[in-house]
Amino acid sequence: VQLQASGGGSVQAGGCLRLSCAASGSIVSINLMGWYRQATGKQRELVARIESDGSTSYADSVKGRFTISRDNAKNTVYLQMNSLKPEDTNVYYCTADVLTRDWRRNHYWGQGTLVTVSS
């Protein structure tokens, strides 16, 4: 299973970006999908996550600004980021809990995509 993230880039404060992450491979189903972020020298932190039924949760720092969604048919998770702030500057990683065709469930990470917000 591979997770391919895209959509990062550089924006000014107040701008927006949309991240995408597509899972591929021997996938039967995907339960939890999410986005984490990590700044240099800091621990990775949860940004948002979404269950297979569409229920979501967010870090307090992004509530009201970020929206997570998913397309189950495409095995893809999205993160719409609005009203971006300089402190949102991080490498963003997508994750997925995947049931594969050998009937094993594992947690996978994408390669990370850099978001830079300038003031």
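Now for a description of the structure that goes with this document. (Residues numbered from 1 in each chain as written. Predicted model: local features only at pLDDT ≥ 70, side-chain atom pairs only at ≥ 80, totals over all residues. Heavy atoms only, no water.)

**So, the sheet that holds strand E7 (residues 66–71)**
The strand order E1-E3-E8-E7 describes an open sheet built from four strands, whose pairing is antiparallel. A single partner strand is all that each edge strand has here, and the edge strands are strand E1 (2–6) and E7. Across the sheet, the axes of successive neighbouring strands diverge by a mean angle of 15 degrees, strand direction being ignored. (Pairing = 2+ DSSP bridges. Helix = DSSP H or I, 4+ residues; strand = E, 2+ residues; numbered from the N terminus. Axes fitted to C-alpha atoms, helices over the stretch in contact; angles between N-to-C directions.)

**Here we look at the nonpolar core**
Residues Trp35, Val47, Phe66, Val77, Leu79, Met81 and Tyr92 are the most contacted members of the largest nonpolar core, which totals 29 residues. Residue assignment for this core shows that the elements contributing at least two residues are E1, strand E3 (17–24), strand E4 (27–38), strand E5 (45–50), E7, strand E8 (76–81), strand E9 (90–100) and strand E11 (113–118). In this view, Tyr92 contacts Leu19, Trp35, Tyr36, Arg37, Val47, Phe66, Leu79, Met81, Gly112, Thr113 and Val115; residues no more than four positions away in its chain are not counted. (Core = buried A, V, L, I, M, F, W, Y, C linked by side-chain atoms within 4.5 Å. Buried < 20%, exposed > 50% of the residue type's maximum accessible area, 1.4 Å probe, protein only. Contact = heavy atoms within 4.5 Å.)

**Considerations on the packing of aromatic side chains**
The final tally for this structure, using the stated rule, is one aromatic pair. In this structure, Arg18 is placed above the aromatic ring of Tyr78, and the distance from its NZ or CZ to the ring centre is 4.1 Å. (Phe/Tyr/Trp six-rings, centres within 6.5 Å; stacked < 30°, edge-to-face > 60°. Lys NZ or Arg CZ within 6 Å of the ring centre and 35° of its normal.)

**Notes on unusual backbone geometry**
In this structure, Ser83 is a non-glycine residue whose phi angle is positive, near 50 degrees. Mapped onto the elements, Ser83 comes out in the loop between E8 and E9. The backbone of Trp103 shows a phi angle near 65 degrees, a positive value even though the residue is not glycine. Looking at the secondary structure, you find Trp103 in the loop between E9 and strand E10 (105–109).

**Quick word on the environment of Ser26**
You can see Ser26 is positioned in the loop between E3 and E4. For the pair Ser26 and Ser52, spaced 26 residues apart in the sequence, the C-alpha separation amounts to 18 Å. The contact partners of Ser26, leaving out residues within four places of it in the chain, are Val1, Leu99, Thr100 and Arg101.

**Looking at the state of the cysteines**
Taken as a whole and judged by the stated rule, the model has one disulfide. Shown here is the disulfide that connects Cys21 with Cys94, its sulfur atoms set 2.0 Å apart. As the torsion about the S-S bond is roughly 55 degrees, the Cys21-Cys94 disulfide counts as right-handed. On the criterion of sequence distance, the pair formed by Cys21 in strand E3 and Cys94 in strand E9 is long-range, its members being 73 residues apart. You can call Cys21 buried: its relative accessible area is 1%. Residue class for Cys94 comes out buried when judged on its relative accessible area of 0%. The closest cysteine sulfur to the non-disulfide-bonded Cys16 is located on Cys21, 20 Å from its own sulfur. Cys16 sits in the partly exposed class, given a relative accessible area of 47%. (Disulfide = S-S within 2.5 Å.)

**Looking at the pairing of E9**
Burial within E9 is extensive, with ten of its eleven residues counted as buried. As defined by bridge partners, E4 adjoins E9 across nine bridges and the pair is classed as antiparallel. When the bridges of E9 are listed, Tyr36 appears paired with Tyr93. In this sheet, E11 lies alongside E9 in antiparallel orientation, the contact comprising three bridges. Bridging across to E11, Tyr92 finds its partner in Thr113. Bridge analysis of E9 against E10 gives five bridges, and the strand direction is antiparallel. Opposite Val98, over in E10, you have Asn106 as the bridge partner.

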